[in-house]
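Residue-level structure breakdown
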Amino acid sequence: MDTYYRKAAKSTEKAPPPQPTEEPPRKRKLFNVQTSEEDIMPRLATVGRSKTPATTKRRSLAPSSDMKSPTSSLTKKRRTTALFTSQAEPGQCQPEKEGPRKNLFPVGRGLPTMASQYPPNGGQTQQNGGPLLPRQYLATTNLHTEQSTFVKEAIASLDGFIIEANVSDNTTHLVTLEPRRTINLLRALIRGLWIVRYEWIVESYHAGRWLPEERFELKEFSRAVQLNRSERQAFGSQYRNELWADFAPFWISPRCAVPAQQLRELIVLCRGKVTGNASRAKFLVVEPNDNDAAPIEGQIVVAPGWILDSITINKVKKLTKKYRIE
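Think of each chain on its own: its residues are numbered from 1, step by step along the sequence as written. Predicted model: local features are reported for residues with pLDDT of at least 70 only, side-chain atom pairs are reported and counted for 80 or more only, and whole-chain, interface and lining totals are derived from all residues. Side-chain calculation: all heavy atoms of the structure are included, whereas hydrogens and water are not.

The protein goes by BRCT domain-containing protein in an unreviewed UniProt entry, where it is assigned to Anopheles coluzzii.

**Concerning unusual backbone geometry**
Its identity as a non-glycine residue notwithstanding, Arg271 has a phi of 65 degrees, on the positive side. By secondary structure assignment, the location of Arg271 is in the loop between α7 (260–269) and β6 (283–285). At Asn314, a residue that is not glycine, the phi angle is positive and equals roughly 60 degrees. For the purposes of this entry, the term helix denotes a DSSP run of H or I that reaches at least four residues, the term strand denotes a run of E that reaches at least two, and both are numbered from the N terminus. For Asn314, the position within the fold is in the segment after α8 (304–313).

**Points about the pattern of salt bridges**
The salt bridge definition used is simple: a Lys or Arg side-chain nitrogen within 4 Å of an Asp or Glu carboxyl oxygen. Under the definition given, this model contains ten salt bridges. Here Arg180 and Glu178 are joined by a salt bridge, their closest N and O atoms 3.1 Å apart. Since its relative accessible area comes to 44%, Arg180 is described here as partly exposed. The buried label applies to any residue whose accessible area, calculated with a 1.4 Å probe on protein chains only, is under 20% of its type's maximum; exposed applies above 50%, and partly exposed to all values in between.

**A short note on the sheet that holds β6**
When DSSP locates at least two bridges between a pair of strands, those strands are taken to pair. One open sheet holds the three strands; their spatial order is β5-β6-β7, and the pairing between them is parallel. With partners counted over all chains shown, the strands left at the sheet margins are β5 (250–252) and β7 (300–302), one partner each. Sheet twist, expressed as the mean angle between neighbouring strand axes with direction ignored, is 25 degrees. The pairing of β5 with β6 spans three bridges and is classified as parallel. For Ile252, the partnering residue across the bridge sits in β6 and is Val285. We call two residues in contact whenever any of their non-hydrogen atoms come within 4.5 Å of each other. Geometry is summarised by axes, namely lines fitted to C-alpha atoms with helices restricted to the contacting stretch, and by angles between N-to-C directions that run from 0 to 180 degrees. On the sheet, α7 packs against β5 and β6 and is oriented at approximately 160 degrees with respect to β5.

As structure tokens, then:
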């Protein structure tokens, strides 16, 4: 037993930790070796004797100032991406910028008046001595042959207008003899043009210049004549008549007394929608004596007079028995 305990005691004793072995210090390598004066003097003597100078070896890895990099002589161009475009070189021609498109009625100009088109200080003159005015477009309605001929003579004398057969997007003035409703009159009313009586042409011709239009405006036809014209002057090319904008599509019967193409034009000018399929329309525009109209459930049959009368007063009229066809 004593022998057993002695062996167990020896096994539990801690062994001494191993001592680290000392390594010799590393030698530091120097890239730039310095030479003594004794080594330099013999070299200078040999250099002076030789005719051609000896090239010394470069010990530094940094590039010298005498050396030129191959990329220094080349011009570096910037990459062009979708978000960045490098500036063009001086010798490279740049494409010309497109100028803004000219609108006949730019924003802020409104509806021009002929009296305001005269230059303040005379300006350029025609061959007959009158001032040279910018050209506007004029249409006529409800005139007889003699009156139409006189309008042409007055415009040839006073200048400033180009005569059109029908009212278009270029038209600025409409001349009428009487307040009788025509398609041209409704076209001008929707667009907010100057709708003046025939006397404006006559008195302007006798005065030798275009007179202000407001005194000759056809106000007795409808209050919408002056209202739409004033809005056109205020908003210019941004003016829009949206009388039928909130209404469902219309279908126009080809048997209407008013040509279907003209009715369609008036509705579209008021931002309405017209379809050629009767089953997709909400309103069927037919004549009262048209027996071919077969509305389906939910459709409303109306007379063309409802369209024309609403445009005349610039307000949608109620669908009374006068306009609704059962």
